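The chain contents come next:
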Amino acid sequence: EFATDPLKKDRDLVLEAVRPNGEALEWAAFPLKADRDLVLEAVRKNGWALKCVAFPLTGDRELVLEAVRQHGHALGLADDPLKADRELVLEAVRQNGW
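Attention in this report is confined to the structure presented alongside it.

Analysis parameters
- Residues numbered from 1 in each chain as written.
- Predicted model: local features only at pLDDT ≥ 70, side-chain atom pairs only at ≥ 80, totals over all residues.
- Heavy atoms only, no water.
- Helix = DSSP H or I, 4+ residues; strand = E, 2+ residues; numbered from the N terminus.
- Rg over C-alpha atoms; globule rule 2.2 N^0.38 Å.
- Buried < 20%, exposed > 50% of the residue type's maximum accessible area, 1.4 Å probe, protein only.
- Contact = heavy atoms within 4.5 Å.
- Areas by Shrake-Rupley, 256 points an atom, 1.4 Å probe, with all protein chains shown as cover.
- Lys, Arg positive; Asp, Glu negative; His and termini not counted.
- Charge placed at Lys NZ, Arg CZ, Asp CG, Glu CD.
- Salt bridge = Lys/Arg side-chain N within 4 Å of Asp/Glu carboxyl O.

Right, let's talk about the overall build of the protein for a bit. Check the secondary structure of the protein and you find six helices and zero strands. Seen in sequence order, the protein has helices and strands lined up from the N terminus as α-α-α-α-α-α. For a compact globule of 98 residues, the expected C-alpha radius of gyration is about 13 Å, and the protein comes in at 13 Å, within 12% of that figure. When each of the 98 residues of the protein is scored for burial, the buried share is 44%. A sequence separation of at least 24 residues applies to 37% of the contacts in the protein between residues at least 6 apart. For the protein, the accessible surface area stands at approximately 5700 Å², while carbon and sulfur atoms represent 53% of it. Of the side-chain charges in the protein, 14 are positive and 18 negative, and the distance between the mean point of each set is 3 Å.

What follows is the structure, given as structure tokens:
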């Protein structure tokens, strides 16, 4: 949050920040929010980090599944076609109930 813009663009620094707290992705520079590997690391720690990712990644099934495994409500942040995916919905229900 308080880092300068050049530091928010530093992939290694952002990766270190999201490892313990996926929601730290919120403060990363926009191009890093489209970095699939970095985003995957973030959502594995906190599924709600899906709210911070660049649009194309909200349609990435594997990434969304990892997010939903951590936070069932993350399914609401996924692209609409994934909201109809039986496995994703079932995982969301397992995490948060109906």
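Here the focus is the pattern of salt bridges. What the rule picks out here adds up to twelve salt bridges. Between Arg 11 and Asp 35 there is a salt bridge whose closest N-O contact spans 2.6 Å. Highlighted residues: Arg 11 in helix H2 (residues 11–18) and Asp 35 in the loop between H2 and helix H3 (36–45), separated in sequence by 24 residues. Judged by relative accessible area, which is 18%, Asp 35 ranks as buried. Here the salt bridges share partners, and the residues they tie into one network are Glu 16, Arg 19 and Glu 41.

What follows concerns the environment of Leu 32. Note that Leu 32 resides in the loop between H2 and H3. C-alpha of Leu 32 to C-alpha of Arg 86: the two residues are 54 residues apart in sequence and 30 Å apart in space. The contacts of Leu 32, once residues within four sequence positions are left out, are Lys 8, Lys 9, Asp 10, Arg 11, Val 14, Leu 25, Leu 38 and Val 39.

Let's shift gears to the side chain of Glu 66. Position of Glu 66 among the secondary structure elements: in helix H4 (residues 61–70). Look at Glu 66 and you get buried, because its relative accessible area is 16%. If we skip the residues at most four places from it in the chain, Glu 66 touches Leu 40, Val 43 and Arg 44.

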